[in-house]
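Topology and contacts: notes
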Amino acid sequence: MPRLSEVIAALENLWPAERAESWDAVGTVVGDPDQEVRRVLFAVDPVQEIVDEAVKLGADLLVTHHPLYLRGTTTVAATHFKGRVVHTLIKNDIALHVAHTNADTADPGVSDALAGALDLRVVRPLVPDLTDATGRRGLGRICELDHPLPLREFAAQAAERLPATAQGIRVAGDAEAVVRTVAVSGGSGDSLFDVVRAAGVDAFLTADLRHHPASEARAHSPLALLDAAHWATEWPWCELGAAQLDEISDREGWDLRVHVSRTVTDPWTAHAASNPTSSAMGAPN
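To start, this report covers the structure provided alongside it. Along each chain, residue indices are assigned from 1 in the same order as the chain's sequence is written. Only residues with pLDDT of at least 70 get local features here, since the model is predicted, and only at 80 or more are side-chain atom pairs given and counted; chain-wide, interface and lining totals rely on the full set of residues. Side-chain metrics in this entry use all non-hydrogen atoms of the structure; hydrogen atoms and water are not considered.

**Side note on helix H6 (residues 151-161)**
Within H6, burial applies to Leu-151, Phe-154, Ala-155, Gln-157 and Ala-158. The buried residues of H6 occupy an angular sector of 160° when the element is viewed end-on, so they sit on one face. Only heavy atoms enter the contact rule, under which two residues are in contact if any of them lie within 4.5 Å. Helix and strand definitions here come from DSSP, where helices need a minimum of 4 consecutive H or I residues and strands a minimum of 2 consecutive E residues; each element is numbered from the N-terminal end. Elements that come into contact with the buried residues of H6 comprise strand S6 (138-150), strand S7 (169-172), strand S8 (178-188), strand S9 (203-207) and strand S10 (224-228). Note on classification: 1.4 Å probe, protein chains only; a residue is buried when its accessible area is under 20% of the maximum for its type, exposed when over 50%, partly exposed between these limits. Taking the helix axis as origin, the arc is that swept by the directions to the C-beta atoms.

See below:
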């Protein structure tokens, strides 16, 4: 069995910490470098539900996309929900490692996994990493559909292929407009509207789109917008990361058991659709 330090070295090779944004908090949060690792669990969020799942599974290492302490802390007391996470991890000898923005821009990274889940063909990064001579790393991806689809069909396809959430897929644009090219970015993407417009794509699929940026984006151009749940756009990376670690384990002869959590940790739990017959009546007085 490999030591935690060996597994972390492999993960750092996939997603080097130095490629994370300066504001980010990536790397190992909890764990003894000398402990043996037999089982690994990948998940999006380091929340108590996921940690309890890791305990039940008998995992020695939990790898998450989102950080536990993004803005730092002065306490890990179990009176706070994040402190309880830390206590549970340590009591059960489970290490926690985070790959966030360093996984977003990796080759392959979060947006490659998202494109793969949507059966899109990746053409190039949306925002290239200028330090990458291959031109493959960077934020987001510009993609092509094998067969053009009306926006309504592409949205339905996205809703079917991404993990199910209460939100589903929100759409802005002409439902019959033909979609041939798509920009995708896992996680929050409304800061990327300028570069998406410059790319000249037909549609942009991301998450966490806010009213004003989305309204302004639609006023600027006919760019169609597809707004998925944040968790759903990043979960495919868990399968990608698990497959990458499986490959390393086979190559190194580690015999790791690598798992992906199917637990939905999107915070939204229900959706009540508006009554379509009331839409023509305008807003209530």
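Now that the structure has been shown, we can carry on.
**With respect to the layout of surface pockets**
The computed volume of the largest pocket comes to approximately 790 Å³. Lining the largest pocket are 34 residues, with Trp-23, His-66, His-100, Thr-101 and Asp-104 positioned closest to its centre. Elements supplying a minimum of two residues to the lining of the largest pocket: helix H3 (81-91), helix H4 (101-104), strand S5 (121-128), S6, S8 and helix H9 (230-252). Taken together, 14 residues make up the lining of the second largest pocket; nearest its centre are Asp-208, His-230, Trp-231, Asp-266 and Pro-267. Tallied by class, residues from the lining of the second largest pocket come to six nonpolar, four polar and four charged. A cavity here means a set of 1 Å grid points, computed over protein atoms only, where a 1.4 Å probe fits but cannot escape. A pocket is an open set with protein on both sides within 12 Å along at least 5 of 7 lines, and lining residues have an atom within 4 Å of a point. Grid points are joined across faces, edges and corners, and a volume is the space filled by probe spheres set on the points. Polar here means any residue outside two lists: the nonpolar Ala, Val, Leu, Ile, Met, Phe, Trp, Tyr, Cys and Pro, and the charged Asp, Glu, Lys and Arg; Gly therefore counts as polar.

**Brief notes about unusual backbone geometry**
Most peptide bonds take the trans configuration, and most residues that are not glycine carry a negative phi. A cis amide bond links Asp-107 with the next residue in sequence, Pro-108, at an omega value of 0°. Structurally, the position occupied by Pro-108 is in the loop between H4 and helix H5 (110-117). Positive phi, normally seen in glycine, also occurs at Asp-93, with a value near 55°. Its place among the elements puts Asp-93 in the loop between H3 and strand S4 (95-98). For Asp-93, a relative accessible area of 56% puts it in the exposed group.

**Brief notes about empty space enclosed by the protein**
Following the criterion strictly, the structure yields one cavity of 30 Å³ or more and no others. Its volume calculated, the largest cavity comes out at about 30 Å³. Ala-43, Val-44, Asp-45, Ile-50, Trp-231, Trp-235, Ser-261, Thr-263 and Thr-265 are the residues that line the largest cavity.

**Side note on the nonpolar core**
Side-chain atoms within 4.5 Å link the members of a nonpolar core, which is a set of buried Ala, Val, Leu, Ile, Met, Phe, Trp, Tyr and Cys residues. Residues Leu-11, Trp-15, Val-40, Phe-42, Leu-61 and Trp-237 are the most contacted members of the largest nonpolar core, which totals 33 residues. When contributions to this core are tallied by element, the ones reaching two or more residues are helix H1 (4-14), strand S2 (39-43), strand S3 (61-64), H5, H9 and strand S11 (257-260). Among the elements that make up this core, the one with the highest residue count is H9 (nine residues). When neighbours within four sequence positions are excluded, Trp-237 is seen to be in contact with Trp-15, Phe-42, Val-63, Thr-64, His-65, Ala-99, Ala-103, Gly-109, Val-110 and Ala-113. Of all hydrophobic cores here, the second largest spans 21 residues; its members include Leu-145, Ala-158, Leu-205 and Ala-228.

**Here we look at the packing of aromatic side chains**
Pairing of aromatic side chains here covers Phe, Tyr and the six-membered ring of Trp, requires ring centres within 6.5 Å, and sorts the geometry by plane angle: under 30 degrees stacked, over 60 edge-to-face, intermediate tilted. Evaluated as defined, the whole model comprises four aromatic pairs. Plain terms: the ring middles of Phe-42 and Trp-237 are 6.0 Å apart, the flat faces sit at 65° to each other, and that makes the pair edge-to-face. One end of the pair, Phe-42, is in strand S2; the other, Trp-237, is in helix H9, and 195 residues separate them in sequence. Owing to a relative accessible area of 0%, Phe-42 belongs among the buried residues under this scheme. For Trp-237, a relative accessible area of 0% corresponds to the buried category. Taken together, Trp-15, Phe-42 and Trp-237 form an aromatic cluster joined through their ring pairs.

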